[in-house]
Amino acid sequence: MTSSTTNGQTEIIVTGFGGQGIILTGRILGMAASLGDKKESTLVQAYGPESRGGACNAQVIISNTPIHYPYVNRPHILVAMSQAGYDKFAASLAPDSVLLVDQDLVHPEEAACDHFAIPATRMAENLGNKMMANIIMLGFCTAITGAVTNAAAQAMVRQSVPRGTEDRNIEAFTKGYDYGLSTLKGREKRAAGQTGALAS
């Protein structure tokens, strides 16, 4: 499933609080698009007044053509890892946007668009490192949206994480990616079941 795009551009906002690796997630997405998938990409990062624990977001634009304006007005994809981050950007979502949330941390009330949830922080804790929740979410986002390819994202994860943690981070990415694929498959089955019920 790919989100809708404007002028061949995919506009993404990753939001959460400082210390969750939000900016790193945005950077990996942008680098995967440009270095791995050979597309144009831009990254704008914003922190709240205090970086750790304060609100922060990364705005990424991926395009097949040159990007003239690096700020996201209406995200095609919103990845929210904190309730405050979701609340800040919820109003900018369009009906054809895609919303991805950490299901234990974000409760989207009446979201304007389709949304997908993953217990990323809980899954990271089960892997023994809560700090890998962002990499799990990155894998989930890659599977659900197809904004970047799996191969490009994995290559950039390897390049971007601390030396010695590459394999564990790839494991985290893969867990998120697989969770995304099974989420999509589950939806397809339900949709097929509904059409089957309507047909009978």
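Every value quoted in this text rests on a predicted model; they were computed, and no experiment measured them. (Residues numbered from 1 in each chain as written. Predicted model: local features only at pLDDT ≥ 70, side-chain atom pairs only at ≥ 80, totals over all residues. Heavy atoms only, no water.)

Colleague: Got a minute to help me understand the packing of helix α1 (residues 22-36) against helix α4 (residues 133-145) in this structure?
Modeller: Angle between the axes and distance between the axes are the two parameters that describe a pair of packed helices. Packing of α1 against α4 leaves a shortest axis separation of 9 Å and a crossing angle of 35 degrees. The handedness of the crossing between α1 and α4 is right-handed. Judged by residue contacts, Leu24, Thr25, Ile28 and Leu29 of α1 engage Asn134, Ile135 and Leu138 from α4. Residue classes in the contact of α1 with α4 are distributed as five nonpolar, two polar and no charged. (Axes fitted to C-alpha atoms, helices over the stretch in contact; angles between N-to-C directions. Helix = DSSP H or I, 4+ residues; strand = E, 2+ residues; numbered from the N terminus. Left-handed = near helix turned anticlockwise from the far one by under 90°. Contact = heavy atoms within 4.5 Å. Nonpolar A, V, L, I, M, F, W, Y, C, P; charged D, E, K, R; others polar.)

Colleague: Before we go on, may I ask you to explain the layout of surface pockets in this structure?
Modeller: Where empty space is left can be seen by rolling a probe of water-molecule size over the atoms. Counted as a void, the largest pocket has a volume near 200 Å³. The wall of the largest pocket is formed by 14 residues, among which Leu24, Met131, Met132, Pro162 and Asn169 lie closest to the centre. The residue inventory of the lining of the largest pocket, partitioned by class, reads six nonpolar, seven polar and one charged. (1 Å grid on protein atoms, 1.4 Å probe; cavity = no way out; pocket = protein on both sides within 12 Å on 5 of 7 lines; lining within 4 Å. Points joined across faces, edges and corners; volume = space filled by probe spheres on them.)

Colleague: Explain the side chain of Thr121 here, please?
Modeller: Structurally, Thr121 is set in helix α3 (residues 120-126). Given the relative accessible area of 10%, Thr121 is considered buried. (Buried < 20%, exposed > 50% of the residue type's maximum accessible area, 1.4 Å probe, protein only.)

Colleague: What's the story with the pairing of strand β5 (residues 98-102) in this structure? I'm lost.
Modeller: Looking down a regular strand, the side chains alternate between one sheet face and the other. By the criterion of burial, β5 is predominantly enclosed, with five of the five residues buried. In β5, alternate side chains face the same way, and those of Val98, Leu100 and Asp102 on one face and Leu99 and Val101 on the other are all buried. As paired strands, strand β4 (residues 77-80) and β5 are joined by four bridges and run parallel to one another. Paired with Leu78 across the bridge in β5 is Leu99. As judged from the five bridges shared by β5 and strand β6 (residues 114-118), these two strands associate in the parallel manner. Considered in β6, the bridge of Leu100 is made with Phe116. (Pairing = 2+ DSSP bridges.)

Colleague: What is the right way to read unusual backbone geometry from this model?
Modeller: The backbone phi angle of Lys38 is positive, close to 55 degrees, even though this residue is not glycine. Positionally, Lys38 belongs in the loop between α1 and β2 (40-47). A relative accessible area of 67% places Lys38 in the exposed class. The phi torsion at Glu110 lies on the positive side, around 45 degrees, for a residue other than glycine. Mapping Glu110 onto the fold places it in the loop between β5 and β6. Under the relative-accessibility criterion, Glu110 is labelled exposed at 79%.

Colleague: Help me out: how do you make sense of α4 in this one?
Modeller: Along an α-helix, residues three or four apart share an orientation, since each turn contains 3.6 residues. Under the 1.5 Å per step criterion, the end-to-end length of α4 is 18 Å for 13 residues, consistent within 8% with the ideal 18 Å. Taking burial as the measure, the 13 residues of α4 include 13 buried ones, the bulk of the element. (Expected span 1.5 Å × (residues − 1).)

Colleague: How do you make sense of helix α5 (residues 150-160) when you look at a structure like this?
Modeller: Inspection of α5 places Ala152, Ala153, Met156 and Val157 among the buried residues, and these make up the whole buried set. Within α5, the buried residues cover an arc of 135 degrees as seen down the axis, which keeps them to one side. Of the exposed residues in α5, the ones pointing more than 90 degrees away from its buried face are Ala151 and Gln159. (Arc of directions from axis to C-beta.)

Geometric values such as these leave the question of function open.
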